[in-house]
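What follows is the residue order along each chain.
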Protein chains: 2
Amino acid sequence: MSIADDFDLQNFLPYLLNQAAEESSLAFQQVYKDRYGMLRTEWRVLFHLGIYGRMTAKEIGSRSKMHKTKISRAVAKLAQRRFLTRERDANDRRVEYLELTTAGRQAYRDLRAVAADYDTRLTARFSAQEAEMLRKLLRKLAGGADG
Amino acid sequence: MSIADDFDLQNFLPYLLNQAAEESSLAFQQVYKDRYGMLRTEWRVLFHLGIYGRMTAKEIGSRSKMHKTKISRAVAKLAQRRFLTRERDANDRRVEYLELTTAGRQAYRDLRAVAADYDTRLTARFSAQEAEMLRKLLRKLAGGADG
DNA sequence: CGTTGTTAGTTACAAACTCAACTGTTAACA
DNA sequence: TGTTAACAGTTGAGTTTGTAACTAACAACG
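In what follows, the accompanying structure is described. The structure displayed is predicted, hence computed values, not measured ones. (Residues numbered from 1 in each chain as written. Chains lettered and ligands numbered in written order. Predicted model: local features only at pLDDT ≥ 70, side-chain atom pairs only at ≥ 80, totals over all residues. Heavy atoms only, no water.)

## Some thoughts on the pairing of strand S3 (residues 96-100) of chain A
Residue and element names in this part refer to chain A.
Inference 1: In this sheet, S3 lies alongside strand S1 (residues 55-56) in antiparallel orientation, the contact comprising two bridges. Its bridge partner being in S3, Met55 is matched across the sheet by Leu98.
Inference 2: In this sheet, S3 lies alongside strand S2 (residues 84-88) in antiparallel orientation, the contact comprising five bridges. For Thr85, the partnering residue across the bridge sits in S3 and is Glu99. (Pairing = 2+ DSSP bridges. Helix = DSSP H or I, 4+ residues; strand = E, 2+ residues; numbered from the N terminus.)

## Observations regarding helix H4 (residues 68-80) of chain B
All names here are of chain B.
Inference 1: The end-to-end C-alpha distance of H4, which contains 13 residues, comes to 18 Å, matching closely the 18 Å that a straight helix rising 1.5 Å per residue would cover.
Inference 2: Taken together, the buried positions of H4 are Ile71, Ala74, Val75, Leu78 and Ala79. When H4 is viewed along its axis, its buried side chains cluster within an angular range of 135 degrees and face the same direction. Structural note: H4 exposes Arg73 and Gln80 on the side pointing more than 90 degrees away from its buried face.
Inference 3: On its buried face, H4 sits against helix H2 (40-52), helix H3 (57-64), strand S2 (84-88) and strand S3 (96-100).
Inference 4: Phi turns positive one or two residues past the end of H4, at Arg82, with a value near 60 degrees. (Expected span 1.5 Å × (residues − 1). Buried < 20%, exposed > 50% of the residue type's maximum accessible area, 1.4 Å probe, protein only. Arc of directions from axis to C-beta. Contact = heavy atoms within 4.5 Å.)

## What about unusual backbone geometry?
Inference 1: Even without being glycine, A:Lys65 reaches a positive phi, approximately 60 degrees.
Inference 2: The residue A:Lys65 is located in the loop between helix H3 (57-64) and helix H4 (68-80) in this model.

## Quick look at the packing of H2(B) against helix H5 (residues 102-123) of chain B
All names here are of chain B.
Inference 1: Interaxial distance between H2 and H5 falls to 10 Å at its minimum, and their mutual angle equals 100 degrees. One way to sum up the angle between H2 and H5 is to call them roughly perpendicular. Contacts between H2 and H5 involve Leu46, Phe47, Gly50 and Ile51 from the first element and Gly104, Ala107, Tyr108, Leu111, Arg112 and Ala115 from the second.
Inference 2: By residue class, the composition of the contact of H2 with H5 is seven nonpolar, two polar and one charged. (Axes fitted to C-alpha atoms, helices over the stretch in contact; angles between N-to-C directions. Parallel < 35°, antiparallel > 145°, perpendicular 65-115°, else oblique. Nonpolar A, V, L, I, M, F, W, Y, C, P; charged D, E, K, R; others polar.)

## Quick look at the sheet that holds S3(A)
Inference 1: An order of S1-S3-S2 (chain A) is seen for the three strands of this open sheet, with the pairing classed as antiparallel. Each edge of the sheet is formed by a strand with only one pairing partner; in this case those strands are S1 and S2 of chain A.

## Concerning the environment of A:Tyr52
Inference 1: Inspection of the secondary structure puts A:Tyr52 in helix H2 (residues 40-52).
Inference 2: Put simply, A:Tyr52 and A:Leu111 are 59 residues apart on the chain and 15 Å apart in space, counted from C-alpha to C-alpha.

## Observations regarding the protein's contact with DNA strand C
Inference 1: The environment of DNA strand C is made up of 21 residues, and the closest members are A:Leu39, A:Lys70, B:Lys58, B:Ser72 and B:Arg86.
Inference 2: In DNA strand C, atoms within 4 Å of the protein come 62% from sugar and phosphate.
Inference 3: At 3.2 Å, a side-chain N or O of A:Arg73 approaches a base oxygen of DNA strand C.
Inference 4: B:Lys68 places a polar side-chain atom, nitrogen or oxygen, 2.9 Å from a base oxygen of DNA strand C.
Inference 5: Sorting the residues of the surface near DNA strand C by element identifies H4 of chain A together with H3 and H4 of chain B as the ones contributing at least two each.
Inference 6: Counted by class, the surface near DNA strand C contains three nonpolar, five polar and 13 charged residues. (Near = heavy atom within 4 Å. Polar contact = N/O pair within 3.5 Å; in protein donor to acceptor, adjacent residues only side chain to side chain.)

## Thoughts on the relation of the copies chain A and chain B
Inference 1: With an axial shift of 0.1 Å and an RMSD of 0.1 Å, the rotation relating chain A to chain B amounts to 180 degrees. Read as a symmetry element, the transformation amounts to a two-fold axis.
Inference 2: A symmetric contact is evident, with 100% of the interface residues of chain A recurring at the interface of chain B. (Least-squares fit on C-alpha atoms with pLDDT ≥ 70 in both.)

## Details of the packing of H2(A) against H3(A)
Residues and elements named next belong to chain A.
Inference 1: Viewed as axis vectors pointing N to C, H2 and H3 meet at an angle of 100 degrees, and their least axial separation amounts to 11 Å. It follows from the interaxial angle that H2 and H3 lie roughly perpendicular. Residues Val45, His48, Leu49 and Tyr52 of H2 form the contact with H3, whose own contacting residues are Ile60, Arg63 and Ser64.
Inference 2: Among the residues making up the contact of H2 with H3, the classes are represented as four nonpolar, two polar and one charged.

Shown next as structure tokens:
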């Protein structure tokens with residue numbers, strides 16, 4: 001049974017997806033890490049606020065599917081670096097609105113440009129149809145068990 | 001720039017790939033974790049040995065692109081649970097051959113069946129052509145910068 | 001031989017993640 | 001009202017990972 005087991009690990013989707021995700025995140029990770037000392041959770045929160053504007057940690061959680069403790073810690077770091085401000089809701093003081101500062105928006109714009117370039121370079125390996133197909137299929141997988 | 005920023009996070013490949021990878025690993029992870037208390041690194045090492053047979057940690061590393069410390073720790077745990085044996089090379093005593101025990105092969109076969117079923121279920125969302133295309137494109141991405 | 005470099009694999013320590021329990025606040029309803 | 005449940009977000013303890021330094025064994029070349 002040692003040699004010639006026929007299971008194809010390289011085609012097992014969870015494995016293949018992880019390999020592709022890791023490989024394709026590497027170079028971008030280098031940028032947000034080296035340039036801003038950020039973690040993955042932190043650029044994600046930054047991007048959510050940059051793209052969608054002022055929102056609560058809860059909302060970031062439901063959009064990104066990140067666990068609330070990750071978000072809490074990412075928000076704390078971004079606040080400490082003055083990339084975002086926190087403001088309590090006057091009517092419901094459990095709720096806190098998060099919003100990027102000028103510095104936060106600058107960092108976001110900078111990284112957004114890097115991300116767009118990087119995505120273009122990744123996508124350049126494929127034809128337009130292939131790229132579109134890939135995104136479509138990935139969205140289907142990302143969408144959940146019945147996506 | 002708060003509202004209506006037009007960068008599309010859901011279509012940024014590294015992000016999308018990570019979401020898809022996480023989502024599609026979840027249910028399988030549950031199995032190897034609950035059934036054998038394994039981590040991702042551990043089932044990967046188990047599968048490499050199950051599929052390709054006796055080999056060294058070095059070889060697992062070059063096949064899987066996992067870092068050698070991860071492999072070292074995964075091997076230590078699998079050895080401790082008697083899922084594999086280690087045997088020093090007589091000519092070069094830096095080298096150690098790893099091989100699954102009977103228990104290891106059993107666990108591998110069990111998980112291989114689960115993986116195959118799971119992959120079938122994941123793939124069932126797509127047409128045969130789509131599934132093939134997805135794998136092809138992912139392999140291209142996983143292959144590295146010039147893949 | 002002996003020094004220097006390389007390789008296989010391990011260990012140490014810090015950073016990051018997970019899970020569960022916690023604080024503080026609002027809602028529900030007897 | 002008073003008690004209980006639900007909710008937003010935080011904290012802490014234990015686990016896993018990442019980075020770099022380490023050990024042990026071999027190789028190369030004077």
